[in-house]
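These are the residues of each chain, in order.
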Amino acid sequence: MDAKVKAHIWVAMAIRMSDMAGRPAAVLRRGDPDSGGLLCVLNGRDGQVVLAQARDAESRPAWVRGTGAAPVPGDVADAYVERQVKRDPDLWVIEFEAPDYLPPFEARMI
């Protein structure tokens, strides 16, 4: 997410893009509407992947697989999300159906 875009606007855009791609999406947790961070839960056949916001070496917005390279069971993903929300109560949590574990929005991974 670009730092200039308010969180609630980015969330609405991502859900719209997901809907247009025929992939259901839902807001699991609302964070700060202006400056809240984001976690994206990608649901696939073999489990879940949680993407977390990050910055690359040039301080550009990017995403990291917070739960690791491989899909994890739902309870592991839920525990990761819970830990992150305890650290940052302003986080948004958005869930996407993603059988290929790719988000429905442009995401530069690091």
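As a reminder, the structure under discussion sits directly above these lines.
Cut-offs and rules
- Residues numbered from 1 in each chain as written.
- Predicted model: local features only at pLDDT ≥ 70, side-chain atom pairs only at ≥ 80, totals over all residues.
- Heavy atoms only, no water.
- Pairing = 2+ DSSP bridges.
- Helix = DSSP H or I, 4+ residues; strand = E, 2+ residues; numbered from the N terminus.
- Buried < 20%, exposed > 50% of the residue type's maximum accessible area, 1.4 Å probe, protein only.
- Contact = heavy atoms within 4.5 Å.
- Phe/Tyr/Trp six-rings, centres within 6.5 Å; stacked < 30°, edge-to-face > 60°.
- Salt bridge = Lys/Arg side-chain N within 4 Å of Asp/Glu carboxyl O.
- Axes fitted to C-alpha atoms, helices over the stretch in contact; angles between N-to-C directions.

## Details of the pairing of strand β3 (residues 47-55)
In this structure, strand β2 (residues 38-44) lies alongside β3, joined through 6 bridges in antiparallel fashion. Each bridged residue has a counterpart across the sheet, and for C40 the counterpart in β3 is L51. Linking β3 to strand β4 (residues 61-65), which pair antiparallel, is a turn of 5 residues; within it S59 sits at a positive phi near 70°.

## Comments concerning the side chain of Q84
Relative to the assigned elements, Q84 resides in helix α2 (residues 74-87). Residue class for Q84 comes out buried when judged on its relative accessible area of 15%. If we ignore the near neighbours within four places in the chain, the residues touching Q84 are L39 and L91.

## Describing the packing of aromatic side chains
Applying the stated criterion to the full structure yields 4 aromatic pairs. Between the aromatic rings of W63 and F105, the centroid separation amounts to 5.4 Å while the plane-to-plane angle is 50°, which identifies the pairing as tilted. Of the two residues, W63 is situated in strand β4 and F105 in the segment after β5 (92-97); the sequence distance between them amounts to 42 residues. Overall, W63 belongs to the buried group, its relative accessible area being 3%. The structure contains a cluster of three or more aromatic residues connected by ring pairs, namely W10, W63, F96 and F105.

## Regarding the pattern of salt bridges
Overall, the coordinates contain 6 salt bridges when judged by the stated rule. When the shortest N-O distance is used, the salt bridge between D34 and K6 registers 3.4 Å. A residue pair is termed long-range when its members are at least 10 positions apart, and D34 in the loop between β1 (25-29) and β2 and K6 in the segment before α1 (7-20) qualify at 28 residues. Assessed through its relative accessible area of 40%, D34 is described here as partly exposed. Its relative accessible area of 39% is what places K6 among the partly exposed residues. In the salt-bridge network here, residues are joined through shared partners; they are D56, E58, R60 and R108.

## Some details on the sheet that holds β3
The mixed open sheet is built from 5 strands, whose spatial order is β1-β5-β2-β3-β4. The strands lining the two open edges of the sheet, one partner per strand, are β1 and β4. Direction aside, neighbouring strands of the sheet carry axes that sit 25° apart on average. Bridge count between β1 and β5: 4 bridges; the pairing is antiparallel. Bridge pairing in β5 links R29 to V93. Of the strands in this sheet, β1, β2, β3 and β5 are in contact with α2, which crosses β3 at around 30°.

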